[in-house]
Every structure is written in structure tokens, then in C-alpha cells.
Amino acid sequence: SLILKFWWAVPIILGAIIYFSVQYFKTEGGQRVMDSVKLNFPLFGPLFRKLYMARFTRTGSTLLSTGVPMLDALEICAKSVNNSYVGNSISRAADKVKNGKGLAESLENEDYILALAPQMIGIGAKSGKVDEMMAKTATVYENELDSAIRAISTIIEPVLMVVLAIAAGGMVAAILLPIYQLVGNIKV
């Protein structure tokens, strides 16, 4: 009864909630919350982690192969991953590199850095081809992402078909049931 009386307030309240949520997620604190959700969400968290590692290694490979110094490349990579937590891990690793540690060793114990990246970078450091190993690492992560997304889409397609069939059946029932009731109430 209250909702029927003040129905006009429902869209206004929903609009206000959406507006203020969007404004909050534009702030630094809101962005950190969203970054944390992306990294820790049950099904998609591992995909986001691979995405960020692919961005990091692809960007690092490109920068190092064009002659950008390691510390500058790491600083750019920290910003380019577009996740504050992963970016902070890269920045901490850059600080360790600044203090004389190797890049692979610096990345090994950092949160949100997947194990393959420091391993491959370590191999690249021994062979003198860090940029090439970062490119190969990026390719591995990109291929894993592609296959995971394909697998998810093949799972989602049948579920989506069932949901659409139920929605279409509900619409048909909503249209036809009142008509049948009207015809049943007509007395000849």
C-alpha cells in the first residue's frame, strides 16, 4: 500500500543510489574498493589477475625493448595495469630494484603478482633478454585469458537460452492468461 501510494519515489531513490554509487566509484577510495572486488571475485578474480599480468608484462616488454630504463618502465607499468593493488605491488618491486635487488627476486613475494611472471623474468635476466621473456609471458597470459573466456561463453550460452526461453514463456503467459480468463467468464 505504501509503495502503491508513493510509487514515484521508487525511481527517484533508485536513481539517487545509482548516481551516488557512480560518483563514489570515481573517487580514489571507491576505485580501491572496485580494484579489490575485481581481484577477489570468486569466478572472475583469477581472470582479472591474468589480465593485469598480461598488461604488466606486455607493457614492460614494449618499454624495455625500446630502450626505456628499467625503473622508468616499472613506474609506467604500475600505472598502466589500471589496478591500484597490482600497481602498488609493481611499485614496491621497483623500490627493491632501486635498492639493488633483481627484478624477478623483487616480484616474487609481492601480492597479486602471479608466479609465472617473476620466473620468466628471472630466466630473461640470466639470458640478457628480459624484454623477450616478458613478451612470451604476456602471450601465455593472453592465451590463457582467451581460452578461459571462450570456456565461460560456451557455458553461458545454454544458460542464457534457458533464461530467454523462460522470459519469453512468462511474457506469453502474461498476455494469454488474462485473455483466457476473460473468455472463460463470458456466459453465453
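Given the structure is predicted, the values throughout are model-derived calculations rather than measurements.

## Comments concerning the overall build of the protein chain
Logical step 1: Counting its secondary structure elements, the protein chain contains nine helices and zero strands.
Logical step 2: Reading the protein chain from its N end, one meets helices and strands in the order α-α-α-α-α-α-α-α-α.
Logical step 3: Scaling as 2.2 N^0.38, a compact globule of 188 residues should have a C-alpha radius of gyration of about 16 Å, whereas the protein chain reaches 26 Å, well beyond that.
Logical step 4: Seen through its principal axes, the protein chain has C-alpha atoms that stretch 95 × 35 × 25 Å.
Logical step 5: Split into buried and exposed, the 188 residues of the protein chain put 27% on the buried side.

## Some thoughts on the pattern of salt bridges
Oppositely charged side chains can form a pair if their charged atoms are brought close together.
Logical step 1: Using the criterion set out here, one finds six salt bridges in the structure.
Logical step 2: When the shortest N-O distance is used, the salt bridge between K50 and E144 registers 3.2 Å. Placement of the pair is K50 in helix α4 (residues 45–65) and E144 in helix α9 (residues 130–185), with a sequence separation of 94 residues.
Logical step 3: Under the relative-accessibility criterion, K50 is labelled partly exposed at 24%.
Logical step 4: The salt bridge involving K96 is made with E110; its shortest N-O contact spans 2.9 Å. Here K96 is found in helix α6 (residues 84–98), whereas its partner E110 is found in the loop between α7 (103–108) and α8 (116–127), with 14 residues between them in sequence.
Logical step 5: Given a relative accessible area of 26%, K96 falls into the partly exposed group.
Logical step 6: Relative accessible area serves as the criterion here: at 8%, E110 is assigned to the buried category.
Logical step 7: Among the ionic contacts, a cluster of salt bridges with common partners joins R92, K96 and E110.

## Some words on the packing of aromatic side chains
Logical step 1: Here the structure, examined in full by the defined rule, presents six aromatic pairs.
Logical step 2: Centre to centre, the rings of F48 and Y52 are 6.1 Å apart; their planes meet at 25°, and the pair counts as stacked. Taken as a pair, F48 and Y52 lie in helix α4 at a separation of four residues, close to a single helical turn.
Logical step 3: F48 gets classed as partly exposed once you look at its relative accessible area, which sits at 27%.
Logical step 4: Seen in terms of ring centroids, Y85 and Y112 are 5.7 Å apart; in terms of plane orientation they differ by 55°. Their pairing is tilted.

So, how was this worked out
Residues numbered from 1 in each chain as written. Predicted model: local features only at pLDDT ≥ 70, side-chain atom pairs only at ≥ 80, totals over all residues. Heavy atoms only, no water. Helix = DSSP H or I, 4+ residues; strand = E, 2+ residues; numbered from the N terminus. Rg over C-alpha atoms; globule rule 2.2 N^0.38 Å. Buried < 20%, exposed > 50% of the residue type's maximum accessible area, 1.4 Å probe, protein only. Salt bridge = Lys/Arg side-chain N within 4 Å of Asp/Glu carboxyl O. Phe/Tyr/Trp six-rings, centres within 6.5 Å; stacked < 30°, edge-to-face > 60°.

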